[in-house]
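Here is what each chain is made of, one letter per residue.
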Amino acid sequence: MASGARNGGGGAGPRMSAKLDRQSSNATPKAAAGKQRLSSASAAGAYRRTSPGPLPAAGGGRASSDSAVSGRVRVAVRLRPRNAEELVTDADFGDCVELQPELKRLKLRKNNWESDTYEFDEVLTEFSSQKRVYEVVAKPVVESVLEGYNGTVMAYGQTGTGKTFTLGRLGEEDTAARGIMVRALEDILADITPETDTVSVSYLQLYMEMIQDLLDPVNDNIAIVEDPRTGDVSLPGATVVEVRDQKSFMELLRIGEAHRTAANTKLNTESSRSHAILMVNVRRAVKGRNEMEVSISGENGHSSSMMGSFRPPIVRKSKLVVVDLAGSERIDKSGSEGHTLEEAKSINLSLSALGKCINALAENSPHVPVRDSKLTRLLKDSFGGTARTSLVVTIGPSPRHRGETTSTIMFGQRAMKVENMVKLKEEFDYKSLCRRLDIELDKLIAENERQRKEFDDEVERIRAEAQLRIAEAERECKLALENEKMKYHQEYLDSIRILEEKWKVHQQSPKKQIKKDESTSNDAGDVHNLLQNEKMLRQSAEEEANDLKNQVSHWKKMEATATAEVVKLRKMLDTEASRKDKLEEEIGVLRSQLLQMSLEADETRRSLDRGDGPGKIFPGLDSLVSQTRASQPKEQSNGPKQPIAQLFEQVGLQKILSLLESEEPEVRVHAVKVVANLAAEEANQEKIVEAGGLTSLLMLLRTSEDETIRRVAAGAIANLAMNETNQDLIMAQGGVTLLSMTASDAEDPQTLRMVAGAIANLCGNDKLQTRLRGEGGIKALLGMVRCGHPDVLAQVARGIANFAKCESRAATQGNKVGKSLLIDDGALPWIVKNANNEAAPIRRHIELALCHLAQHEVNAKNIISEGALWELVRIARECSREDIRMLAYRTLTSSPTLEAEMKRLGIKL
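Small disclaimer: the values here were computed from a predicted structure and weren't measured.

Colleague: How do you make sense of the overall build of the protein when you look at a structure like this?
Modeller: A count of helical and extended segments in the protein gives 36 helices and 21 strands. Classification of the 909 residues of the protein by burial places 45% in the buried group. In the protein, once contacts between residues fewer than 6 apart in sequence are set aside, the share between residues at least 24 apart is 73%. Surface exposure of the protein reaches about 46300 Å², of which carbon and sulfur atoms provide 52%.

Colleague: Explain helix H10 (residues 339–362) here, please?
Modeller: Since one α-helical turn is 3.6 residues long, residues separated by three or four positions face the same way. Over its 24 residues, H10 runs 35 Å from end to end, which matches the ideal 34 Å to within 8%, given 1.5 Å per residue. Asn-364, located one to two residues past H10, shows a positive phi value of around 55°.

Colleague: Just to check I follow, could you spell out the sheet that holds strand S3 (residues 97–100) for this structure?
Modeller: Hydrogen bonds between backbone groups are what pair the strands of a sheet, and the pairing can be parallel or antiparallel. Read across the open sheet, the three strands follow the order S3-S4-S5; overall the sheet is antiparallel. Of all strands in the sheet, those bounded by a partner on one side alone are S3 and strand S5 (115–119). Shown here is a sheet whose adjacent strand axes are inclined to one another by a mean of 20°, direction ignored. Note that S3 and strand S4 (residues 105–109) share four bridges and pair antiparallel. In the strand pairing of S4, Val-97 is matched with Leu-108. Sheet strands in contact with helix H12 (residues 402–415) are S3, S4 and S5, and its direction is about 145° off that of S4.

Colleague: Mind showing me how you'd approach the packing of helix H20 (residues 665–679) against helix H21 (residues 682–690) here?
Modeller: Geometrically, a packed helix pair is captured by the angle between its two axes and the distance between the axes. One can describe the packing of H20 onto H21 by two numbers: an axis separation of 7 Å at closest approach and a directional angle of 125°. Viewed along their axes, H20 and H21 adopt a mutual orientation that is oblique. Residues Val-675, Leu-678 and Ala-679 of H20 form the contact with H21, whose own contacting residues are Asn-684, Gln-685 and Ile-688. A breakdown of the residues in the contact of H20 with H21 according to their chemical character gives four nonpolar, two polar and no charged.

Colleague: Explain a nonpolar patch on the surface to me, please; I cannot follow it from the model alone.
Modeller: There is a patch of nonpolar side chains on the surface, built from Tyr-492, Leu-493 and Ile-496 and spanning about 230 Å² of accessible area. With respect to the secondary-structure elements, Tyr-492 resides in helix H13 (residues 430–508).

Colleague: Teacher, can you tell me more about the pattern of salt bridges here?
Modeller: Pairing between side chains becomes possible if they bear opposite charge and their charged atoms approach one another. Tallied over the full model, the rule gives 36 salt bridges. Residue Glu-707 pairs with Arg-710 through a salt bridge whose shortest N-O separation is 3.9 Å. Linking Glu-707 with Arg-710, this pair stays in helix H23 (residues 707–720), spanning three residues, or about one helical turn. Arg-710 gets classed as buried once you look at its relative accessible area, which sits at 11%.

Colleague: Can you walk me through helix H35 (residues 882–894) in this structure?
Modeller: End to end, H35 covers 18 Å across 13 residues, agreeing with the expected 18 Å (1.5 Å per residue, within 8%). Inspection of H35 places Ile-884, Leu-887, Ala-888, Thr-891 and Leu-892 among the buried residues, and these make up the whole buried set. In a view along the axis of H35, the buried residues occupy a sector of 130°, so they form one face of it. Away from its buried face, by an angle of more than 90 degrees, H35 presents the exposed residues Glu-882 and Ser-894. Its buried side turned inward, H35 meets helix H32 (840–854), helix H34 (868–878) and helix H36 (896–905).

Colleague: Would you mind going over unusual backbone geometry with me for this structure?
Modeller: Backbone phi values are negative for most residues with the exception of glycine, while trans is the configuration of most peptide bonds. The phi torsion at Met-208 lies on the positive side, around 55°, for a residue other than glycine. Note that Met-208 resides in the loop between strand S8 (198–207) and strand S9 (210–213). In this structure, Glu-209 is a non-glycine residue whose phi angle is positive, near 60°.

Colleague: What exactly am I supposed to notice about the packing of aromatic side chains here?
Modeller: Aromatic ring pairs are defined here through the distance separating the ring centres and the angle between the ring planes. Applying the stated criterion to the full structure yields one aromatic pair. Taking the centre distance of 3.8 Å and the plane angle of 10° together, the rings of Tyr-156 and Phe-411 count as stacked. Placement of the pair is Tyr-156 in strand S7 (residues 151–157) and Phe-411 in helix H12, with a sequence separation of 255 residues. According to the relative accessible area criterion, Tyr-156 is buried, its value standing at 8%. Relative accessible area serves as the criterion here: at 2%, Phe-411 is assigned to the buried category.

Colleague: What is the right way to look at the side chain of Glu-343 in this model?
Modeller: Tracing the backbone through its elements, the reader meets Glu-343 in helix H10. A distance of 2.5 Å separates the side chain of Glu-343 from the side chain of Tyr-207, its partner in a polar contact. In this view, Glu-343 contacts Tyr-207, Met-208, Thr-261 and Arg-273; residues no more than four positions away in its chain are not counted.

About the criteria used
Residues numbered from 1 in each chain as written. Predicted model: local features only at pLDDT ≥ 70, side-chain atom pairs only at ≥ 80, totals over all residues. Heavy atoms only, no water. Helix = DSSP H or I, 4+ residues; strand = E, 2+ residues; numbered from the N terminus. Buried < 20%, exposed > 50% of the residue type's maximum accessible area, 1.4 Å probe, protein only. Contact = heavy atoms within 4.5 Å. Areas by Shrake-Rupley, 256 points an atom, 1.4 Å probe, with all protein chains shown as cover. Expected span 1.5 Å × (residues − 1). Pairing = 2+ DSSP bridges. Axes fitted to C-alpha atoms, helices over the stretch in contact; angles between N-to-C directions. Parallel < 35°, antiparallel > 145°, perpendicular 65-115°, else oblique. Nonpolar A, V, L, I, M, F, W, Y, C, P; charged D, E, K, R; others polar. Patch = residues over 30% accessible without salt bridge, like charges linked within 9 Å, V, L, I, M, F, W, Y side chains within 5 Å. Salt bridge = Lys/Arg side-chain N within 4 Å of Asp/Glu carboxyl O. Arc of directions from axis to C-beta. Phe/Tyr/Trp six-rings, centres within 6.5 Å; stacked < 30°, edge-to-face > 60°. Polar contact = N/O pair within 3.5 Å; in protein donor to acceptor, adjacent residues only side chain to side chain.

Rendered as structure tokens:
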């Protein structure tokens, strides 16, 4: 009977049916008509509120104020079945609510005759499955998160009504009982691409107004950081775990649930005593929007095709927040006492603050008290922010808790009136672009080296072949000439020998010659013929010798031709070497521009947030593309180097410093950024100062009106100011005066942070104390606190701590020191005001400064009059750092004046 009454869509038992019949019959026609009109009006209003604006398509543009659309908070109500206790105690009573899920209505009975009707976006009976609850409450939000929007799923209700069952049930024994957390991660991990997308998880609890890490219980007081520009809140101290599969996520949930605080009350045996918050960060790459093909042609006519994008890839960053609120409870019903009572008070206070914010947003109040509780600060984006939010309110059927059920229903009704401006979260991935360009550069350098090696091998082959041919020709020519010479010389010797023999014979027989005149004449004729033959042979030998000489001359010409070809090849080698040097210079320029792109990432994001449009996406992109098309980089022989160091070696420091005086603003901006990066390395600081870099930076700070140049120049001066020698030069060249003027004119927090860092470094020099104060350094530091940015305040606090430490050191060494210059310049009130600052870096420096000021007895009266004594006592008692705590204790116990004042006030350490 009870279960039938609780199921609004099913049949009712006899007793409940009778009650409903009596209620309908006793109502007058006029009252029935009035109720009918009221029901129709409320239905119309609810239907108007139920129509949220459409979400943008997944392929939409970058997130901006123009892309935001209105989306109402969607609210579902879920009824818990009766538990064992209620089945006994409420057996004679009907349920206090009646559900009509087909009409999305809920009736809350005041008594047996009257009831109020409320409409919700979804009405879930006690028979609704966990899968049904997930599909109607959380799945639309999860789909929006996968498309790039922030989303929130939250459960609200009285303790013991099933909030943790709805959201955080693991379902290890029965998979059908899995809650929204487990099912949401299943859908997210199934939709992402592991190669390009990432999912990371943080699991926290808000216990007694302290944010604790459920994955690392030691981290039990996480600070909330709020971006002063956008107002977004974040928890940088929380543990973030990247999730790759469902198994690892389930293990994280088990660890978190084991550390979550719970207690046994009369209303729930395992009552959650903290608000649990699961944060799921999804980072997805947007595909198919910036791919193009670029052809790079070299001077030799060859071309290669390189697929890639010279535009930064677009990524979508979205966040799903699942909030399991602790249940509201009445102390008289829950029976809480002792520490459990304090927990209940804290829970009710935070839920009350959340209710006030919902009321203010529902009524369009100009002031929403989001800072009243850490819970409302964490949910700032979920109600009235940019997230798509779904709320499930859980109620019980017992008439004994009608008041709590009414309060829960009214909370859901007010939440349905809250409008959120849903925005797509897109940004450019500059790091991925830089990695991609580095890979392409390495490929081009490797290809150029391979082609060069092939060319060198071909030149060596041609040279070796030419030398072999020349040597072979010389050898053949020399051998032929020697053979011919030996042949004709032998014939000549043979002819002479024959003539000599005949001449001897003629001399030995003169008488016979006289007697035989005729024979002698014949012999003379023979000799004459022989001589003629000899002449002809000589002429023939000379002609052959001339032919051989012509052949030798021909081979020498061939040798000269080969030599000319070798000279030509050597000239080609020299040309290639010059081209190599030119390519190496262009590679250096290209790598320096890649570094500039990563340095300008933050400025580009700020430009996108201001709505400058896609025309100013990447100032250095055009020059990068043009230089890449005109070059074929080569890998340097000395191995990989850092881009700035490579630029320093190839271009030279003097040329870089000369660019600081360029008439083109962009050139000056890039040059000062390169100098700032070089100044960050201690090895380069002396070279920069010797080359006049410090003077050039101070001149830029004095003359430039460009905020970027002033910011980067101040950062470079801050790097140089870390060296004691450079500190004297900065003071000698009026650097403190220039920094003070920049601090008074600048409004950009980053510029102020750089200026404050430079002055803070100078404050650590004992010799410069009086000059630094005389030139307005302390006044400039205190003037920069007007910005209120945590990073600026941290640098100001560091400078004051350095200055106070130097004064304390001088007093300890026995030097005659008067009252602190910091106190004379009015720094003590600001120190006292920020001694307990939420930001740890600011608080740590200010605590150190206060301890150092109190160590000098002459400052004791000002310490007491300005109220700093109480802060010193707090530091000595509560400071988380033991060294600072002990320093404060020693300071208080060693000062007679401070000891006397503590004794008068009855303060004991």
